[in-house]
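A look at the structure
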Amino acid sequence: MNHFSLHDIDLQPELLRRQLQDPACGGYAAFEGWVRDYNDGRTVLRLEYEAFAPLAVREGERILTEARQKFGVARARCAHRVGPLAIGELAVWVGVSAAHRGEAFDACRYIIDEVKHRVPIWKKEYYQDGDSGWVNCERCAAAAPQPHQHQPHAHGAG
Amino acid sequence: MSAPKLYGLVLTGGRSRRMQRDKAALEYAGKSQLARAMDLLTPLVARSFVSVRSDQLHDPQRTAYDTIADIRQDLGPIGGIHAALHAYPEHGWLILACDLPFLDRGTLQYLIAHRASGRVATAYRSSFDGQPEPLCAIFEPRSREIIEQSLARGQQCPRALLARNDVELLDLPNARALDNINTGEEYAAAQATLDGAAASSSPAALSSPPATGALRRLNVRYFALLREQAGRSTEQIETQASTPRELYDELRRRRGLTLAPEFLRVAVNDEFGDWRSPLSDGDTVVFLPPVAGG
C-alpha cells in the first residue's frame, strides 16, 4: 500500500502513522520536514508552497512505489502541505513500515530525497528584509540570458 | 446587425528617417514591401487602397493601386487612417503598415475572424509590451470621431488612442508576425530569412514567416515564478507552435518569462512530456520551474 497526498490544512502525523500499521511489520521509520527560520544566510519569516496537483500526486505515488520495490518495504506514505506556512509548521511527512528497521530507514530517506527533486511543488520564502523568492528559481532567472528584445512598433512607421 | 463592410488601407506615407530610403520600395524575395502588403490584403477585403501624401500622388509604384491622399499633412500614420475613414465613413478599415516583412495571411485572417465590430477597433496586443498594435488593426466607423477629437487635442499617436478606447485586443497567433524593421541591419536580417524561405520551399513562403504550420488551440498553465511573471495562472492561445519548445519560445517573448528552457521540465496533459514531441489541438501544457518541495 502506498499513498501520496497534498493538504492545505495541518498534517496529522498520528493519523498518517496509523495507516502504516501492519502485523507483518516490525519496523517503522518516519521523517518530518519543518519550516525553518533561515535559508541561505537569510532570515525567513514564512513560506508558501504551490503544487501542480495532478502531476505532483502521480509522481509522488511513483516514488512511493519505487521505494517499496527497491527496499522491499510493506507500506509507504507521504503527505505534503500546500499554501501558506509559519515557522515551525510541519511541511512534509514521510512514513514507512517494513519487516526490519534497515529497509524502513533506507526507504524513508529515499522517498524524501526523491520528493524534493522530482515532485512539482514550489516553495516561496518571505524574508525579514521584505524580499521574497522562489527557492531554486531565482538563481536560474538571474543566470538565464534575456530573450531577444525587439523595439515596439515605431510610432512614426508607415 | 451585420458588421460594416471591410475596406483595406496600406500605409506607406512616412519617410524612413532611420533607413534613409522609401520603405515601400524595400524588397524581399524580389517583391516590394508595398506589393507584398497589397497582395496579402486585397483578397481579404472588399476594396484595398494605398495611403499617400500629396507629394506621392504621382509616384508610379503607389499609383499602380487605388490611393487615398492625406487630408492634413505630417500627421504620420493617423493622418492616413483618418483620410480613409473620411473618404468612406460607412466602412470598417483594416489598416496595415507596409513594413511588416513577417506578416502572413493567417494573421490577417485571424484578425478579421475575431473582428468585434461593436467596438472602436480590433487590434493585436504587441508581443513586446502588451500594448495595442495600431498598424495591423481594424478601425470601425465610430473610430473616426474619436480620431478627430484626438487630432483636435494635438494627439497623433494611434497606439495611445487605441489604448485609451474600447478596443478588442487579440493575442497574436504567430508572435513574430508583426516584427517590423527600422534599421539597415534589421532589413538585411529579414531579407536573408525571407529570401532563404522563398528559395527553399513553396511560393507560400513568400508571404509566411519561417515557422509556419496549422494553428493549434493550446491551454497553458503557469506555476510559481512563471505564474508571477506571466501575470496569470492559465491561458488559452492559438499558435503555430508545434512542440513545447516552440511554444515556450513564443510565450517567453510574449509574456517576458526570464527562465531559460534548460532549467525547466515540461508536462503535457498532466504527465511529464518531451520538449520536441508534437503537440495536438486542445493539449494542456505546463512548464515546470525547478521544484523545491520537502
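For clarity, every value in this text was computed on a predicted model and none was experimentally measured.

Looking now at the overall build of chain A. Of regular secondary structure, chain A possesses 4 helices and 9 strands. Beginning at the N terminus, the succession of helices and strands in chain A can be written as β-α-β-β-β-α-β-β-β-α-β-β-α. Taking all contacts inside chain A whose residues are at least 6 apart in sequence as the whole, residues at least 24 apart take part in 77%.

At D40(A), a residue that is not glycine, the phi angle is positive and equals roughly 55°. Mapped onto the elements of the fold, D40(A) is located in the loop between β3 (38–39) and β4 (42–51). In this structure, D270(B) is a non-glycine residue whose phi angle is positive, near 65°. Residue class for D270(B) comes out partly exposed when judged on its relative accessible area of 27%.

Let us look at the pairing of β4(A). Residue and element names in this part refer to chain A. In the sheet, β3 pairs with β4 via 2 bridges, with the strands oriented antiparallel. Each residue of the ladder has a partner; that of N39, found in β4, is R42. Bridge analysis of β4 against strand β8 (residues 121–127) gives 7 bridges, and the strand direction is antiparallel. Pairing of V44 across the sheet is with Y127, part of β8. When β4 meets strand β6 (residues 83–86), the two strands line up antiparallel, connected through 4 bridges. In the strand pairing of β6, R46 is matched with A86.

Residue and element names in this part refer to chain B. Of all hydrophobic cores here, the largest spans 51 residues; its most connected members are W93, L96 and C136. Once residues within four sequence positions are removed from consideration, C136 is found in contact with I95, L96, L100, L103, L108, L111, Y124 and L178. In terms of nonpolar packing, the next biggest core, distinct from the first, is built from 31 residues, A241, L264, W275 and V285 among them.

Quick look at the sheet that holds strand β11 (residues 234–239) of chain B now. In any sheet, the strands associate via hydrogen bonds between backbone groups, in a parallel or an antiparallel arrangement. All names here are of chain B. Sheet architecture is open: 5 strands sit in the order β11-β10-β14-β12-β13, paired in mixed fashion. At either margin of the open sheet sits one strand with a lone partner, and together these are β11 and β13 (271–272). Here 4 bridges tie strand β12 (residues 265–268) to strand β14 (residues 284–288), and the two strands are oriented antiparallel to one another. By the bridge assignment for β14, V266 is matched with F287.

Scoring rules and cut-offs
- Residues numbered from 1 in each chain as written.
- Chains lettered and ligands numbered in written order.
- Predicted model: local features only at pLDDT ≥ 70, side-chain atom pairs only at ≥ 80, totals over all residues.
- Heavy atoms only, no water.
- Helix = DSSP H or I, 4+ residues; strand = E, 2+ residues; numbered from the N terminus.
- Contact = heavy atoms within 4.5 Å.
- Buried < 20%, exposed > 50% of the residue type's maximum accessible area, 1.4 Å probe, protein only.
- Pairing = 2+ DSSP bridges.
- Core = buried A, V, L, I, M, F, W, Y, C linked by side-chain atoms within 4.5 Å.

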